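Remarks on the overall topology
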Amino acid sequence: MLRLAPALLARLARARPCAPVLRRGATVSGEEERFVFPEYEPEPSGAAVVAPPPPPAVPCREREPGRKRRERAPVVAVAGRPDPSVPPSGVSCSGCGAELQCRDGAAPGFLPAEKYRSLSEGPAGAEGLRGAVCQRCWLLAHHGRALRLQLPPEQHRLVVSAALRRPPRHGRGPLLLYILDVMELPDPVLPQLPGLLEPDVPAAGLLVVGNKVDLLPADSPGHLGRLRRRVAEACAQAGLRGAPLVDVRLVSAKTGFGLEGLVSRLQRSWKCAGDVYLLGATNSGKSTLFNTLLRSDYCKSRAPDAVDRATVSPWPGTTLNLLKFPIINPTCDRIFRRQERLKEEATKTEDQLSSEEKKYLNYLKKQGYLVGRVGRTFQRQKSSAVVDFDPDMLSYSMDEDPSHSPRKREEREEFTYNEVKDARWCFDTPGIVKENCVLNLLTEEEVKLVLPTHAIVPRTFILKPGMVLFLAALGRIDYLQGEKPAWFSVVASNLLPVRISTLSNADAIYEKHAGRELLKFALQGVHPRNIDGKRPLKG
């Protein structure tokens with residue numbers, strides 16, 4: 001640090017005297033008072049500086065013995081009050097599809113009354129709510145918290161059933177893209193799916209999409225072919241066979257693996273014959289696939305600017321209503337230009353990518369084993385931003401404070417009538433709650449532990465007869481009899497703890513550590529927050 005001359009410091013002290021600092025341990029009145037001026041050193045010439053009298057001492061408030069320090073309030077708090085007198089807006093939330101309202105805080109689409117009025121009482125009226133998200137989507141996207149909604153258990157299935165029974169548009173029924181989670185093999189198909197595909201549903205076909213293949217490690221060459229056959233067998237066992245089943249595809253909606261092939265398959269076979277519906281259970285990845293298709297060649301070139309992305313979270317049942325974007329018409333010229341782009345990108349090496357593409361590719365490599373690139377052939381050329389410069393706003397007199405001009409609100413992109421009058425749409429539907437699913441018994445923090453978000457690293461254990469393997473507190477495997485030790489490989493979320501114990505101590509360990517750090521959590525009744533006491537594991 002630079003050291004200033006003592007004369008300069010003394011001159012600064014005379015110009016602006018500093019308040020003395022009372023040294024710790026000194027009394028307010030008494031001869032042993034000692035004052036220290038840390039801002040400057042005394043002038044060597046002996047010039048005295050008269051200090052102002054010390055400020056009165058403020059008595060410190062001592063904490064009562066045995067009283068704990070008050071904990072900080074949580075960072076995120078549900079703010080705002082409902083106003084039952086305000087009617088519903090008629091505008092859907094851009095994240096989950098629910099109708100925006102401020103009447104009931106426990107109903108879907110809730111916005112605090114203050115925020116609702118600030119958006120709806122402007123010059124645009126209720127149109128000012130377009131593009132806004134409800135409080136639940138905001139907390140899910142920015143804080144990872146889920147608000148409890150008062151919804152009937154069958155609400156999501158009824159919304160999907162009503163959407164599928166709409167009269168056929170453009171003379172042909174919709175194509176159904178059924179997204180299933182390959183992590184749920186050997187039973188990945190919804191039991192309610194055959195009931196949704198009754199004869200009165202005018203569906204033209206069913207294309208099964210196995211999602212999250214990037215999380216599974218490759219055990220041997222050709223593992224994707226075997227996995228595809230397993231998915232096809234599971235669909236056949238569930239009654240999905242014959243003419244309605246068009247194809248079975250394996251993709252990763254998160255890393256983009258297989259998405260370009262899926263888009264090419266849809267444009268070759270389905271083209272633009274009718275609407276497309278994304279179906280599936282909760283947490284199967286429908287909203288993630290919807291967002292990925294939104295930035296691909298499957299949607300119109302202006303759709304990413306005019307359609308908001310769906311809210312994505314690990315909490316089951318994030319999407320509450322229908323979300324949609326318009327499908328592009330795959331003409332011969334567009335298909336040719338798309339194939340040329342795919343051929344050009346296939347010859348690119350990693351060194352030829354831009355810095356942003358390399359950064360995003362490295363990020364995806366940390367997420368899963370299989371990575372793909374989803375590009376766009378038809379992009380709308382955005383006009384360069386024009387800076388509205390006003391030199392008079394930069395000039396002001398010495399007698400007035402500078403004034404800041406209000407920021408202009410960016411105009412939202414909207415489709416014209418001619419663009420959507422004959423359009424075919426891709427719909428994202430609410431996830432159907434799967435019966436007897438363990439996720440229905442967990443809290444939001446426990447769901448984050450169970451659902452894998454990164455590539456799974458298999459964990460292999462050698463058990464001798466009379467040993468037990470605990471998969472957290474969700475289940476256990478007892479090795480009762482055997483001639484030699486057995487190898488057990490666990491393919492589950494990397495955050496889920498796996499513990500080994502002897503058969504004689506297994507029950508005591510579960511009773512002591514279920515719900516604590518060793519086993520993390522325990523299944524309890526209907527929901528852990530409502531019922532106390534552990535639920536015993538059953539064979």
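Residues numbered from 1 in each chain as written. Predicted model: local features only at pLDDT ≥ 70, side-chain atom pairs only at ≥ 80, totals over all residues. Heavy atoms only, no water.

1. Describing the sheet that holds strand S13 (residues 498-502)
Definition in use: Only when DSSP finds a minimum of two bridges between them are two strands counted as paired. A run of H or I in DSSP becomes a helix once it reaches four residues, and a run of E becomes a strand once it reaches two; helices and strands are each numbered from the N terminus. With axes taken as lines fitted to C-alpha atoms, and helix axes fitted only over the stretch in contact, angles between N-to-C directions fall between 0 and 180 degrees.
Taken together, the three strands give an open sheet; going across it, the order is S11-S10-S13, and neighbouring strands pair in antiparallel fashion. Either end of the sheet is taken by a strand with one partner, and the two such strands are strand S11 (475-479) and S13. Within this sheet the neighbouring strands show an average axis-to-axis angle of 20°, counted without direction.

2. Some words on the nonpolar core
What counts is decided by this rule: For our purposes a nonpolar core is just a set of buried Ala, Val, Leu, Ile, Met, Phe, Trp, Tyr and Cys residues, chained together by side-chain atoms within 4.5 Å. When accessible area is computed with a 1.4 Å probe and restricted to protein chains, residues below 20% of their type maximum are described as buried, those above 50% as exposed, and intermediate ones as partly exposed.
In this structure, Leu164, Tyr178, Leu180, Val208 and Val231 are the most contacted members of the largest nonpolar core, which totals 31 residues. Core analysis: the second largest hydrophobic core is formed by 28 residues, Ile179, Trp270, Leu278 and Leu294 among them.

3. Side note on the pattern of salt bridges
As a reminder, the rule being used: Think of a salt bridge as a Lys or Arg side-chain nitrogen and an Asp or Glu carboxyl oxygen that are within 4 Å of each other.
All told, the structure shown has 20 salt bridges when counted by the stated rule. Here Arg337 makes a salt bridge to Asp333, at a shortest N to O gap of 3.6 Å. With Arg337 and Asp333 both in helix H10 (residues 332-346) and four residues apart, this pair spans about one turn of that helix. Assessed through its relative accessible area of 46%, Asp333 is described here as partly exposed. Arg341 serves as the salt-bridge partner of Glu345, at 3.0 Å between the closest nitrogen and oxygen. Residue Glu345 and its partner Arg341 are both found in helix H10; the two are separated by four residues, about one turn of the helix. Given the relative accessible area of 22%, Glu345 is considered partly exposed.

4. As for the sheet that holds strand S5 (residues 245-250)
Picture the strands of a sheet paired through backbone hydrogen bonds; they go either parallel or antiparallel. So the rule is basically this: Throughout, a residue-residue contact means that at least one pair of heavy atoms, one from each residue, lies within 4.5 Å.
Read across the open sheet, the six strands follow the order S5-S4-S3-S6-S8-S7; overall the sheet is mixed. Each edge of the open sheet carries a strand with a single partner, namely S5 and strand S7 (323-327). Between one strand axis and the next, the sheet turns through 20° on average, direction left out of account. Pairing of S7 with strand S8 (residues 424-428), which is carried by five bridges, proceeds in the antiparallel orientation. The residue of S8 that forms the bridge with Leu323 is Asp428. Packed onto the sheet, helix H6 (residues 223-237) meets strand S3 (175-181), strand S4 (205-211) and S5 and runs at close to 140° relative to S5.

5. Some points on the confidence of the model for the protein chain
The condition that has to hold: Think of pLDDT as the predictor's per-residue confidence, scored from 0 to 100.
Scored by pLDDT, the protein chain comes out at a mean of 76, with 71% of its residues at no less than 70. Mean pLDDT per element in the protein chain: strand S2 (residues 35-36) is the minimum at 39, and strand S9 (residues 459-463) is the maximum at 95. Considering only residues more than four positions removed or in separate chains, one finds that residues 1-52, a stretch of pLDDT under 50, has 30 contacts.

6. Points about unusual backbone geometry
Here Leu185 and Pro186 are connected by a cis peptide whose omega angle stands at 10°. Along the polypeptide, Pro186 turns up in the loop between S3 and helix H5 (193-196). For Asn283, which is not glycine, the phi dihedral falls at a positive 65°. For Ala472, which is not a glycine, the phi torsion comes out positive at approximately 55°. Mapped onto the secondary structure, Ala472 falls in the loop between strand S10 (467-471) and S11.

7. Some remarks on the side chain of Ser264
Structurally, Ser264 can be placed in helix H7 (residues 259-270). Classification of Ser264 by relative accessible area gives buried; the value is 9%. Once residues lying within four places of it in the same chain are set aside, the contact partners of Ser264 are Arg338, Gln339 and Leu342.

8. Details of H7
Using the following cut-off: Expected span of a helix: the number of residues minus one, times 1.5 Å.
Over its twelve residues, H7 runs 16 Å from end to end, which matches the ideal 16 Å to within 8%, given 1.5 Å per residue. Most of H7 is tucked away: nine of the twelve residues are buried. Inspection of H7 places Leu259, Glu260, Leu262, Val263, Ser264, Arg265, Leu266, Gln267 and Trp270 among the buried residues, and these make up the whole buried set. Downstream of H7 by one or two residues, Lys271 has phi in the positive range, about 55°.

9. Here's the deal with the pairing of strand S6 (residues 276-280)
Counting buried positions along S6 gives five out of five residues, so the element sits mostly inside the fold. Side chains Val276, Leu278 and Gly280 project from S6 onto one buried face, and the interleaved Tyr277 and Leu279 project onto a second face that is buried too. Here S3 runs beside S6; their pairing, made up of five bridges, is parallel. For Ile179, the partnering residue across the bridge sits in S6 and is Gly280. Inspection of the sheet shows S6 paired to S8 by three bridges, in the parallel sense. Paired with Tyr277 across the two strands is Phe427, which belongs to S8.

10. Observations concerning helix H2 (residues 113-120)
Applicable threshold: Note that the arc is computed from the directions linking the helix axis to the C-beta atoms.
Looking at H2, one finds that the buried residues are Ala113, Tyr116, Leu119 and Ser120. Along the long axis of H2, the arc covered by the buried residues comes to 135°, so they all point the same way.

11. Here we look at the packing of H7 against H10
This is how the line gets drawn: If an angle is under 35 degrees, it is roughly parallel; if it is over 145, roughly antiparallel; if it lies from 65 to 115, roughly perpendicular; otherwise it is oblique. The handedness criterion is simple: a crossing whose near helix is rotated anticlockwise from the far helix by less than a right angle is left-handed, and one whose near helix is rotated clockwise is right-handed. Amino acids are sorted into nonpolar (Ala, Val, Leu, Ile, Met, Phe, Trp, Tyr, Cys and Pro), charged (Asp, Glu, Lys and Arg) and polar (every other residue, Gly among them).
Where H7 contacts H10, the axes come no closer than 12 Å and their chain directions differ by 160°. Classified by the interaxial angle, the pair formed by H7 and H10 is roughly antiparallel. Between H7 and H10 lies a crossing of left-handed hand. Across from Glu260, Val263, Ser264 and Gln267 in H7, the residues of H10 making contact are Ile335, Arg338, Gln339, Arg341 and Leu342. Considering only residue class, the contact of H7 with H10 consists of three nonpolar, three polar and three charged.

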